[in-house]
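Here is how the chains run, residue by residue.
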Amino acid sequence: MEATFKTEISPKITVFDKILEKTLLRLIPQSVTPNAVTVFRFATIPFVIYFLYNEFYFYGSILFSISAFSDAVDGALARTRSQISDWGKMYDPFADKLLIVSSTLIILLRYTHVFLAWAIAILELFIVISAIYRRTVKHIPVQAHVTGKIKMVLECVGLGIVLLYALTSIPIFFFLGIYTLYLALFFGFISLFVYYSA
């Protein structure tokens, strides 16, 4: 897959980016682009859905964790190696939302948290539609905000904890996971406010 990379004057490199750059990213060849990692995440999603839907929670949890962590990897690659592309800006968050929404609907609907499941799914859908509209119709650059990143992290952590409950049946994991997802939903609404007030 080909993509035109754009070097930003001052990419917002985070502390976590620097940690990854000194550790994991050293093992990733220069030929591996951030977009390739995003494509890898897209490729893992059908398998995550299959494992979770069929209640193979051990394999589903491992693959979900790898897929979710690849989001941090492609972002760190893009910023530290100056490989930020328009394709990545569009499809990287789309891959994130596809992973989160599909996993959330499967797991939370199974554990009867219907409101939370659909609230997260609708919020993510609204964010995607808004981003596409701003980018294609309004021609307004869509930039990730810290509140959106916090939301994504909380969603991944929350779902991971709920999956831990599915594996162990320890109630505290379920409650911790659910409350973490409610906190993610809160940051999701904050990110929408920040998004439209920018």
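Predicted, not measured: the structure shown is a model, and the values here were computed from it.

Q: Could you clarify how one ought to interpret the nonpolar core in this entry?
A: One recurring pattern in soluble globular proteins: nonpolar side chains tend to sit buried together. Ranked by size, the top nonpolar core spans 29 residues in total, and within it Leu52, Phe64, Ile100, Ile107, Leu108, Leu116 and Leu181 carry the most contacts. Of all elements in the fold, only helix H2 (34-53), helix H3 (57-80), helix H4 (86-110), helix H5 (114-136), helix H6 (146-168) and helix H7 (171-197) reach the threshold of two or more residues within this core. Contact partners of leucine 108, with chain neighbours within four places excluded, come to His113, Leu116, Ala117, Ile178 and Leu181. If you look at the next biggest cluster of nonpolar residues, it comprises seven residues, including Leu25, Ile28, Val73 and Ala76.

Q: Would you take a moment to explain the packing of H2 against H3 for this structure?
A: For any two helices packed against each other, the geometry comes down to the angle between their axes and how far apart the axes lie. Close contact between H2 and H3 brings their axes to 9 Å; oriented N to C, the two are set at 165°. As the angle between them shows, H2 and H3 are arranged roughly antiparallel. For the pair H2 and H3, the sense of crossing is left-handed. Looking at the contact of H2 with H3 residue by residue, the classes come out as 15 nonpolar, five polar and three charged.

Q: Hey, could you run me through unusual backbone geometry in this one?
A: Most peptide bonds adopt trans geometry, and most residues besides glycine take a negative phi value. One non-glycine residue with positive phi stands out, namely serine 82, at about 55°. Turning to its location among the elements, serine 82 is positioned in the loop between H3 and strand S2 (84-85). Backbone geometry at serine 169 places phi at a positive 65°, although glycine is not the residue there. Along the polypeptide, serine 169 turns up in the loop between H6 and H7. What makes serine 169 exposed here is its relative accessible area of 53%.

Q: Teacher, can you tell me more about the environment of leucine 20 here?
A: Positionally, leucine 20 belongs in helix H1 (residues 15-22). Taking the C-alpha atoms as reference points, leucine 20 and alanine 72, separated by 52 residues in sequence, lie 8.8 Å from one another. When sequence neighbours within four positions are dropped, the list of residues in contact with leucine 20 reads Leu25, Arg26, Phe69, Ala72, Val73 and Ala76.

Q: Help me understand the side chain of threonine 180 in this model?
A: Locating threonine 180 in the fold gives a position in helix H7. In this structure threonine 180 comes out as buried when scored by relative accessible area, which is 16%. Separated by 2.7 Å, the side chain of threonine 180 and the backbone oxygen of leucine 176 make a polar contact. In this view, threonine 180 contacts Leu154, Val157, Gly158 and Ile161; residues no more than four positions away in its chain are not counted.

Q: What is the right way to look at the confidence of the model for the protein chain in this model?
A: Detailed reading of the predicted coordinates is not advisable wherever pLDDT falls low. Overall, the prediction assigns the protein chain a mean pLDDT of 88, with 89% of residues at 70 or greater. Least confident of the elements in the protein chain is strand S1 (residues 5-6), whose mean pLDDT is 50; most confident is H2, at 97.

Reading guide: rules and limits
- Residues numbered from 1 in each chain as written.
- Predicted model: local features only at pLDDT ≥ 70, side-chain atom pairs only at ≥ 80, totals over all residues.
- Heavy atoms only, no water.
- Core = buried A, V, L, I, M, F, W, Y, C linked by side-chain atoms within 4.5 Å.
- Buried < 20%, exposed > 50% of the residue type's maximum accessible area, 1.4 Å probe, protein only.
- Helix = DSSP H or I, 4+ residues; strand = E, 2+ residues; numbered from the N terminus.
- Contact = heavy atoms within 4.5 Å.
- Axes fitted to C-alpha atoms, helices over the stretch in contact; angles between N-to-C directions.
- Parallel < 35°, antiparallel > 145°, perpendicular 65-115°, else oblique.
- Left-handed = near helix turned anticlockwise from the far one by under 90°.
- Nonpolar A, V, L, I, M, F, W, Y, C, P; charged D, E, K, R; others polar.
- Polar contact = N/O pair within 3.5 Å; in protein donor to acceptor, adjacent residues only side chain to side chain.
- pLDDT = per-residue confidence, 0-100.

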